[in-house]
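# Observations on chain architecture
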Amino acid sequence: MEKENAPSGVLSDEYYHSRLSAVSKARKPSPIWDLFSVEAQPGMLSMLAGKPNPSTFPFSHITLGVKSPTPTASCSSEAGMELVLKDDDLAMALQYNMTAGIPDLVSWVTHLMETVHCTPSSKSKEVAKPNWRVSLGPGSQDLLYKAFCALLDPGDTIIVEGPTYPTIIPLLDAMGCHYAIVDSDDEGMSASDLDKMLGTWDRAAKPFPKVLYTVPFGSNPAGITTSYTRRLQILHLARKYDLLILEDDPYYFLYYGEAPKPPSYFALDRQQQPTSADFKGGRVVRLDSFSKIISAGFRLGWVTGPSVILTAIERHNASTVVQPSSLSQMVLLKLLQTWGLEGFLEHAEKTALFYRERRDVLAGHLERHLRLSDQRDENDGGGCLAEWRVPDASMFFWVKLNLQSSLPDGACPNTDAEDSTPFIRDTAVPRGVLVLPGKTAFPDGRETLHVRLSFSLLSDEEMEEAVKRLAGAIVEQQQQRRRPRSGLGCPNHHSQVVAIPEQQLVDDDEEEDKSKTRTTAIMIDTEKSLPALPRSRSSGTPRSEPFFCSFITTIIVTASTSDAKSQILLDEL
């Protein structure tokens, strides 16, 4: 039954309570932290908490140099200004505070949300304003974990994009959750695939999903920004199938695309009137972060959504981290008060333009070293070495590697050709370039040739060198796979496995009585591994241990019949 004061067309508090996990429902208010707000009442003499006396703290003031968000001809961005924390501000920065955040900062962020996600034209259509608020936390990553805990029980199913943010997978695995993976295209999560999956769901086999998790701007790792039309489709399906949307949006302020910036799910959910009494609004819990635009080390983020769900998150925080850092909050608050909302948005826009320039630099290097086939000779693999989509937000390229070149007649295909992980470990890293394997972004563990490349930190010169090293590693991998096989045939999964201790290996130039030898060909199962083997003939670097036999076509054992000595000859790919 709906509460009488619930806004028309908006989910009720009872609905949100019914969606909480069993642990969240059982979690009680903190006996101390929940009473902090009472201390602020006028005339209250509090003997509640064991707050240390600020006179004992060894700091008299904190001074920080701050860049100007709007440099002028007479004042550069670097010249900036100074922020000073002292007296009451310093005392608050060094003291315990509210679990949901310092009230003045919470108010500032709430005003930011109203300004950015509730335009004047949409406020008249707004359906859920009384049903949401803002809560701060020690980074949006921590808030995301607490949101999962608030809404999911072990065995519950969550819908995620394919690929999805890699860091959520260990969290959800540990919680014992199931995944429903909906692959993304150039417009974001596929709405048609989502509709088909949910419309044919076998509820007897697996619990029906309760939550849909998405990174809609510059999705990490794919770099895709969900289109406006696709957002409306996904929101409609969330209402149709009674889903809550977890909108994880750390790159919202790092959108630099040419197309108009689409509204957030949070904004659309509040603007779009439900089409029937069953399709109610208020389904979005939104997560934002200061890490990408102010400071990652401050560890400050915020969550916006229904009060019932935020209270569940805050109770979890009160029993673990207690609160976000008071010092980080006060420094940020002084900065935002000095800049004002307009200054903050100008800084965010400059930051987005910075990353657009970094993106363009990496895009140029990728085109120069991975795409252009006319710069290659006929022996280096030929053709493009990778393919990618240029992102319009965030800090990443999602690149598909071409590790399997066209094979000449008689060449032996490699069983690792469909996944980038062995390539990164065995070929890219020894060449001095590190990228993220795409496999880490799929909860089902599927193999993929994709990798994630970050362009946020490296200089122009370092970025080009990294791409050159990556190109060289791809060419090396292609050449290994192009080498013709021996007459003995390719390794296969039915071959006998022989493990040969390293000490049995002898120098190639050891004299043998060649008239008294016999040769035995031993096939190697490519899924097995041998002990450490000699240095690579191609690079001269030691083999990592274990050495995977996908790099060997045959092992020839030459045994002397006269003195029982043996020599191992390795024919590497």
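Structure: above.
Quick notes on the rules
Residues numbered from 1 in each chain as written. Predicted model: local features only at pLDDT ≥ 70, side-chain atom pairs only at ≥ 80, totals over all residues. Heavy atoms only, no water. Pairing = 2+ DSSP bridges. Helix = DSSP H or I, 4+ residues; strand = E, 2+ residues; numbered from the N terminus. Buried < 20%, exposed > 50% of the residue type's maximum accessible area, 1.4 Å probe, protein only. Contact = heavy atoms within 4.5 Å. Salt bridge = Lys/Arg side-chain N within 4 Å of Asp/Glu carboxyl O. Patch = residues over 30% accessible without salt bridge, like charges linked within 9 Å, V, L, I, M, F, W, Y side chains within 5 Å. Areas by Shrake-Rupley, 256 points an atom, 1.4 Å probe, with all protein chains shown as cover. Expected span 1.5 Å × (residues − 1). Polar contact = N/O pair within 3.5 Å; in protein donor to acceptor, adjacent residues only side chain to side chain. Axes fitted to C-alpha atoms, helices over the stretch in contact; angles between N-to-C directions. Parallel < 35°, antiparallel > 145°, perpendicular 65-115°, else oblique. Left-handed = near helix turned anticlockwise from the far one by under 90°. Disulfide = S-S within 2.5 Å. Core = buried A, V, L, I, M, F, W, Y, C linked by side-chain atoms within 4.5 Å. Right-handed = clockwise from strand over helix to strand, strands pointing away.

Read across the sheet, four strands follow the order β11-β12-β14-β13 without closing on themselves; strand pairing throughout is antiparallel. At either end of the open sheet lies a strand with only one pairing partner, and these are β11 (386–389) and β13 (436–437). Across four bridges, β11 lies against strand β12 (residues 396–401) in antiparallel orientation. Bridge pairing links E387 to K400 in β12.

What follows covers helix α14 (residues 421–428). Of all eight residues in α14, six are buried; the element is thus mostly enclosed. What α14 keeps buried is the set P422, F423, I424, D426, T427 and A428. Contacts from the buried residues of α14 go to β12, β13, β14 (450–454) and α15 (460–482).

Turning our attention to the pattern of salt bridges. For the structure shown, the criterion picks out 25 salt bridges. Measuring nitrogen to oxygen at the nearest pair gives 2.7 Å for the salt bridge that ties D460 to R358. Remark: R358 occurs in helix α13 (residues 326–371) and D460 occurs in helix α15; sequence separation between them is 102 residues. Sharing partners across several salt bridges, the network here consists of E247, D249, R286 and D288.

So, about a nonpolar patch on the surface. Nonpolar side chains collect at one region of the surface, where I32, L35, V38, M44 and L48 lie side by side and expose about 360 Å² of accessible area between them. Of note, L35 is situated in the loop between α2 (22–26) and α3 (36–39). In this structure L35 comes out as partly exposed when scored by relative accessible area, which is 39%.

Further remarks concern helix α10 (residues 228–240). Look at α10: 18 Å from first C-alpha to last across 13 residues, which is about the 18 Å you get at 1.5 Å a residue. Within α10 the residues assigned to the buried category are R230, R231, I234, L235, L237, A238 and R239. Buried residues along α10 sit against β5 (178–185), β6 (188–189), α9 (191–199), β7 (211–214), β8 (244–248) and α11 (265–271). Just beyond α10, the residue with positive phi is D242, at close to 60°.

Once that is clear, we can look at the side chain of E314. For E314, the position within the fold is in helix α12 (residues 307–318). The exposure class of E314 is buried, given its relative accessible area of 12%. Polar contacts involving the side chain of E314 include one to the side chain of R133, which spans 2.8 Å. Every residue in contact with E314, bar those within four places of it in the chain, is listed here: T99, A100, R133 and S135.

Glancing now at the packing of helix α5 (residues 103–117) against α13. Contact pair α5 / α13: the axes reach a minimum separation of 10 Å and the direction vectors enclose 25°. Classified by the angle their axes make, α5 and α13 are roughly parallel. Here α5 and α13 pass one another in a crossing that is left-handed. Taken together, the residues of α13 that come into contact with α5 (itself represented by D104, L105, W108, H111, L112, T115 and V116) are Q329, L332, L333, L336, G340, L341, F344 and L345.

Let us now look at unusual backbone geometry. For the bond running from G162 to P163, omega is 5°, close enough to zero to count as cis. In this chain, N220 is followed by P221 through a cis amide linkage whose omega measures 20°. Looking at the secondary structure, you find P221 in the loop between β7 and α10. Within the chain, D242 stands out as a residue other than glycine whose phi angle is a positive 60°. For D242, the location among the structural elements is in the loop between α10 and β8. One non-glycine residue, V322, lies in positive phi territory at about 70°. For V322, the position within the fold is in the loop between α12 and α13. Residue V322 is classed as buried on the basis of its relative accessible area of 17%.

Let us look at the state of the cysteines. Inspection of the entire model under this criterion finds zero disulfides. In this structure C177 is a free cysteine whose sulfur lies 8.7 Å from that of C149, the closest cysteine sulfur available.

Strands sit in the order β3-β10-β9-β8-β7-β4-β5-β6 across an open sheet of eight strands; the sheet is mixed. The open sheet has two edge strands with one neighbour each: β3 (132–137) and β6. Pairing of β8 with strand β9 (residues 284–289), which is carried by four bridges, proceeds in the parallel orientation. Bridging across to β9, I245 finds its partner in V284. Packed onto the sheet, helix α7 (residues 140–151) meets β3, β4 (157–162), β7, β8, β9 and β10 (301–306) and runs at close to 170° relative to β8. Each of β3, β8, β9 and β10 touches α12; the most contacted strand, β10, lies at about 140° to it.

In this section: the environment of V134. Among the structural elements, V134 can be located in strand β3. Accessibility expressed as a relative area gives 4% for V134, which makes it buried. Residues V134 and S107 lie 27 residues apart in sequence; the distance between their C-alpha atoms is 8.3 Å. Residues in contact with V134, not counting those within four places in the same chain, are V106, V109, T110, M113, W302, V303, T304 and L310.

A few words on the nonpolar core. F148, I159, L194, Y213, L246 and L370 are the most contacted members of the largest nonpolar core, which totals 126 residues. Per element, the largest residue contribution to this core is 15 residues, and it comes from α13. Among all residues touching I159, those that are not within four sequence positions of it are A180, V182, M189, L194, M197, L198, P209, V211, L212, Y213 and L243. Counting five residues, the second-largest nonpolar core is a separate cluster that includes I224, W398, A441 and F442.

Mapping T164 onto the fold places it in the loop between β4 and α8 (168–174). Residue contacts for T164: discarding those within four places in its chain leaves I169, Y213, N220, P221, A441 and P443.

Along any regular strand the residues' side chains alternate between the sheet's two faces. Every second residue of β7 is oriented toward a common face, with V211 and Y213 on one face and L212 and T214 on the other, all of them buried. Sheet topology note: the β4/β7 ladder contains two bridges and is parallel. The partner of I158 across the bridge, within β7, is V211. Sheet analysis places β7 next to β8, joined by four bridges and oriented parallel. Counted as the bridge partner of V211 is L244 from β8. The β-α-β motif built from β7, the intervening α10 and the parallel element β8 has right-handed crossover chirality.

Shape descriptors only; they carry no functional weight alone.
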